[in-house]
Amino acid sequence: MLTIRNLADRWERCRSHPGAVRLLGDVREVGAALLDLFFPVRCAGCGDAGMRAGESRWCQACRESLAWVGSPLCPCCGTPFLDSPASPDHLCGDCLNGAFHFDSARSAVLYGGVVRERIHQLKFGGKLHWTPPLAELLERAWRSDGTQQSVDMIVPIPLHIRRLRQRGFNQSALLARELGRRVELPVRLNVLDRTRWTDPQTRLKRNARLENVKGAFEALCPARLEGRSVLLVDDVFTTGTTISECARVLKKAGAAEVHALTAARVMADFHMRKGLEF
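Reference entry: report on the structure contained in this document. (Residues numbered from 1 in each chain as written. Predicted model: local features only at pLDDT ≥ 70, side-chain atom pairs only at ≥ 80, totals over all residues. Heavy atoms only, no water.)

1. Some thoughts on the pattern of salt bridges
Charged atoms that come close allow side chains of opposite charge to pair. A complete count under the given rule lists 9 salt bridges for this structure. Across the pair Asp-235 and Lys-123 runs a salt bridge whose closest N-O atoms are separated by 3.2 Å. Residue Asp-235 is located in strand β5 (residues 229-237), and its partner Lys-123 is located in helix α5 (residues 113-125); the two are separated by 112 residues in the primary sequence. Among the ionic pairs, Glu-178 bridges to Arg-182, the shortest N-O distance being 3.1 Å. With Glu-178 and Arg-182 both in helix α8 (residues 171-183) and 4 residues apart, this pair spans about one turn of that helix. Arg-182 gets classed as partly exposed once you look at its relative accessible area, which sits at 22%. The structure contains a network of salt bridges with shared partners spanning Glu-139, Arg-143, Glu-178, Arg-181 and Arg-182. (Salt bridge = Lys/Arg side-chain N within 4 Å of Asp/Glu carboxyl O. Helix = DSSP H or I, 4+ residues; strand = E, 2+ residues; numbered from the N terminus. Buried < 20%, exposed > 50% of the residue type's maximum accessible area, 1.4 Å probe, protein only.)

Quick look at the structure:
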C-alpha cells in the first residue's frame, strides 16, 4: 500500500542519488537565472538591477558608502565615539552610571541617508520588500560582534495592539524573523508584550521617554526565559530607553542576559558631519 510516508521515503532516496542532486542543482541554477531575467533584484541603495537573487541586496558601492558602526565604541550600549577615532573602546558616561538594563547593544549603521529612507518606507509606507536588505545589515552586525552570538532566541520589540492594527504589521517582528532565518535562531513572538499604550517617543526628551515606557511591557511565559540569553531586535536605536525597559522586564522574568541589535543608530550630529538630509 502506497502511503504518504512511503512517498516521502522514496523522495528522500531520489534526492540523495548523485544524479538527482546534480539535476536539482541545475534546475535551481536555471530557475535563479530566469528569476534574475524577469524579476531582477535591485540594489536597496541605488536601485541598480544588476543584482543576483540570493546574493547581497546592496551593491558594493552602496555597501561601502554606508556609515557602518564600528570601534571605537562603548562596549555596553554601542555608542560610537566619532570625535576620537584613534581611541580604544571604552564605557560611555551613561553606561558608567548604569543607565541601561541590557548587557550590550549594537547597531549596524548610523541613521541617515538611504537607510533612514528605507526604514521610513518600511515602517510608515508599508514597503515590506525593504525587510530583507535591512535584515542583511542586522546580520552583518550580528556576525561581526562575538558578544551577541551566544544568544538562545531573538525577540522583537513588540507594538501595542492598537498600533499594530493601525499599521498592519510590526516592522521589528519582520526584521527579527528575517534575521532569525538568516542566522538560524528561533524567533519568539510570545514572550514579551506591550500592554500599555504609549505616546510616540520621537519628540520626547530622555527623562520623558523613560517615564513614557515605564510599565508598558510585560513578560509572558517566564519558563521560556529562565536562564536564557535573549537578543532584542528593533529598527532604530535612539536613546535606548525602550530597549532598556524591555531588557529590565525580561531579566525580571528570569532571562540571564539580554542583548540588543538594531539596523540603525541615531547620532544627533551625524547628518551635519556627513551632509545628509534628515
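2. Description of the packing of aromatic side chains
Counted under the stated rule, the structure contains 3 aromatic pairs. Relative to Phe-102, the ring of Phe-100 lies with its centre 4.8 Å away and its plane at 15°, an arrangement referred to as stacked. Measuring from centroid to centroid gives 6.3 Å for Phe-102 and Phe-237, while their planes differ by 70°, and the two rings are edge-to-face. Linking Phe-102 in the loop between α4 (93-96) and β1 (104-110) with Phe-237 in strand β5, this pair joins segments that are 135 residues apart in sequence. The burial state of Phe-102 is the same as that of Phe-237; both residues are buried. Put simply, the rings of Phe-100, Phe-102 and Phe-237 touch in pairs and so form one group of aromatic residues. The side chain of Arg-118 reaches across the aromatic face of Trp-130, ending 4.3 Å from its centre. Positioned over the ring face of Trp-197 is Arg-162, at 3.8 Å from the centre of the ring. (Phe/Tyr/Trp six-rings, centres within 6.5 Å; stacked < 30°, edge-to-face > 60°. Lys NZ or Arg CZ within 6 Å of the ring centre and 35° of its normal.)

3. Examining helix α6 (residues 131-143)
Spanning 13 residues, α6 covers 18 Å between terminal C-alpha atoms, matching the ideal 18 Å at 1.5 Å per step. The buried count for α6 comes to 10 of 13 residues, which makes it a mostly enclosed element. Within the sequence span of α6, burial applies to Thr-131, Pro-133, Leu-134, Ala-135, Glu-136, Leu-137, Leu-138, Glu-139, Ala-141 and Trp-142. Residues of α6 that are buried in the fold lie against β1, α5, α8, β5 and β6 (257-265). (Expected span 1.5 Å × (residues − 1). Contact = heavy atoms within 4.5 Å.)

4. Quick word on the side chain of Ser-229
Along the polypeptide, Ser-229 turns up in strand β5. A residue is classified by how much of its surface remains accessible, and Ser-229, at 8% relative accessible area, is buried. With sequence-adjacent residues up to four places away left out, Ser-229 is seen in contact with Ser-150, Val-151, Asp-152, Met-153, Glu-257 and His-259.

5. Here we look at the sheet that holds β5
The 4 strands lie next to each other as β1-β6-β5-β2, forming an open sheet whose pairing is parallel. The open sheet has two edge strands, β1 and β2 (153-156), and neither has a second partner. Ignoring strand direction, the axes of neighbouring strands in this sheet form an average angle of 25°. Relative to β6, β1 is paired through 6 bridges, and the arrangement is parallel. Counted as the bridge partner of Ala-105 is Ala-260 from β6. Packed onto the sheet, α5 meets β1, β5 and β6 and runs at close to 100° relative to β5. (Pairing = 2+ DSSP bridges. Axes fitted to C-alpha atoms, helices over the stretch in contact; angles between N-to-C directions.)

6. Concerning the pairing of β5
Across the 9 residues that make up β5, a large majority, 9, are buried. Across 4 bridges, β2 lies against β5 in parallel orientation. Paired with Pro-156 across the strands is Val-233, a residue of β5. Here β5 runs beside β6; their pairing, made up of 8 bridges, is parallel. When the bridges of β6 are listed, Leu-231 appears paired with His-259. You can see the chain leave β5, run along helix α11 (residues 241-252) and come back into β6, and the turn it takes is right-handed. (Right-handed = clockwise from strand over helix to strand, strands pointing away.)

7. Some remarks on the packing of α5 against α6
Direction vectors running N to C along α5 and α6 enclose 130°, while the axes themselves pass 10 Å from each other. With respect to each other, α5 and α6 are oriented oblique. The way α5 lies across α6 gives a crossing that is left-handed. Here α5 contributes Val-115, Arg-118, Ile-119 and Leu-122 to the contact with α6, which in turn contributes Thr-131, Leu-134 and Leu-137. In terms of residue class, the contact of α5 with α6 is built from 5 nonpolar, 1 polar and 1 charged. (Parallel < 35°, antiparallel > 145°, perpendicular 65-115°, else oblique. Left-handed = near helix turned anticlockwise from the far one by under 90°. Nonpolar A, V, L, I, M, F, W, Y, C, P; charged D, E, K, R; others polar.)

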